[in-house]
Amino acid sequence: MKTGIEIWWKQAERDLKSSKNSLNSKDYYVSALLSQQAVEKALKCLYLKEKGELLRIHDVVKLAREVNAPLEIVKKCAEINPVYVEVRYPEGNELPADKINKNEAEKILEMAGEVLIWIKKQL
């Protein structure tokens, strides 16, 4: 991997590791956000490898489509995508930290791991 690509990939892996750590410490919303970030950075890594430039968006579905990900990966990204906004900003009286429970965080982490496995095979 080229240096820029390698940095994006390493940060994606680090975000996924931090997501696991946050899950273990019961910070479920942080785990979900870091899972989303891992997917976003890994997809940007693949996009950078394929296109030679960085696509500065946060929509992991669009990123997945841009790198011609298979439908199963795009579907996982569609489930992960809302987390980016959902757990970052208060809405009404709901605290973002309360929006994700353990089961949801585990599911998002698992899907993120599967997406990263697919991406690694493409790199």
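Here, the structure is the one placed above.
Structure report, in brief. (Residues numbered from 1 in each chain as written. Predicted model: local features only at pLDDT ≥ 70, side-chain atom pairs only at ≥ 80, totals over all residues. Heavy atoms only, no water.)

Here's the deal with the pattern of salt bridges
At step 1: Taken as a whole and assessed by the stated rule, the structure comprises six salt bridges.
At step 2: Taking the shortest distance from any N to any O, the salt bridge between Glu-6 and Lys-10 comes out at 3.0 Å. Of this pair, Glu-6 and Lys-10 both sit in helix H1 (residues 3-24), four residues apart, roughly one helical turn.
At step 3: Owing to a relative accessible area of 31%, Glu-6 belongs among the partly exposed residues under this scheme.
At step 4: Here Glu-66 ties to Lys-62 by a salt bridge, and the two come within 3.5 Å at their closest N and O atoms. On the criterion of helical spacing, the pair formed by Glu-66 and Lys-62 is a turn pair, its members being four residues apart in helix H3 (residues 60-66).
At step 5: Judged by relative accessible area, which is 40%, Lys-62 ranks as partly exposed. (Salt bridge = Lys/Arg side-chain N within 4 Å of Asp/Glu carboxyl O. Helix = DSSP H or I, 4+ residues; strand = E, 2+ residues; numbered from the N terminus. Buried < 20%, exposed > 50% of the residue type's maximum accessible area, 1.4 Å probe, protein only.)

Remarks on helix H2 (residues 28-51)
At step 1: The first and last C-alpha atoms of H2 sit 34 Å apart over 24 residues, in line with the 34 Å expected at 1.5 Å per residue.
At step 2: Summarising burial for H2: 18 of the 24 residues are buried, a large majority.
At step 3: Of the residues trailing H2, Gly-52 is marked for its positive phi of about 75°. (Expected span 1.5 Å × (residues − 1).)

Looking at the side chain of Lys-44
At step 1: For Lys-44, the location among the structural elements is in helix H2.
At step 2: Overall, the relative accessible area of 7% leaves Lys-44 in the buried class.
At step 3: Apart from the residues within four sequence positions on either side, Lys-44 is in contact with Trp-8, Leu-54, Leu-55, Arg-56, Ile-57, His-58 and Leu-63. (Contact = heavy atoms within 4.5 Å.)

Regarding the packing of aromatic side chains
At step 1: According to the stated counting rule, one finds zero aromatic pairs in the structure shown.
At step 2: Over the aromatic face of Tyr-84 sits the side chain of Arg-88, whose NZ or CZ is 4.4 Å from the ring centroid. (Phe/Tyr/Trp six-rings, centres within 6.5 Å; stacked < 30°, edge-to-face > 60°. Lys NZ or Arg CZ within 6 Å of the ring centre and 35° of its normal.)

Topic: a negative patch on the surface
At step 1: Negative charge collects at one region of the surface, where Glu-86, Glu-91, Glu-94, Asp-98 and Glu-104 lie side by side.
At step 2: Tracing the chain through its elements places Glu-91 in the loop between helix H5 (83-86) and helix H6 (102-122).
At step 3: Note on Glu-91: relative accessible area 62%, which makes it exposed. (Patch = residues over 30% accessible without salt bridge, like charges linked within 9 Å, V, L, I, M, F, W, Y side chains within 5 Å. Areas by Shrake-Rupley, 256 points an atom, 1.4 Å probe, with all protein chains shown as cover. Lys, Arg positive; Asp, Glu negative; His and termini not counted. Charge placed at Lys NZ, Arg CZ, Asp CG, Glu CD.)

Brief notes about the packing of H1 against H6
At step 1: Close contact between H1 and H6 brings their axes to 11 Å; oriented N to C, the two are set at 160°. The pairing of H1 with H6 is recorded here as roughly antiparallel in orientation. In this structure, the crossing between H1 and H6 has a hand that is left-handed. Touching Trp-9, Ala-12, Glu-13, Leu-16, Ser-19, Lys-20 and Leu-23 of H1 are Lys-102, Ala-105, Glu-106, Leu-109, Ala-112, Gly-113, Leu-116, Ile-119 and Lys-120, all from H6. (Axes fitted to C-alpha atoms, helices over the stretch in contact; angles between N-to-C directions. Parallel < 35°, antiparallel > 145°, perpendicular 65-115°, else oblique. Left-handed = near helix turned anticlockwise from the far one by under 90°.)

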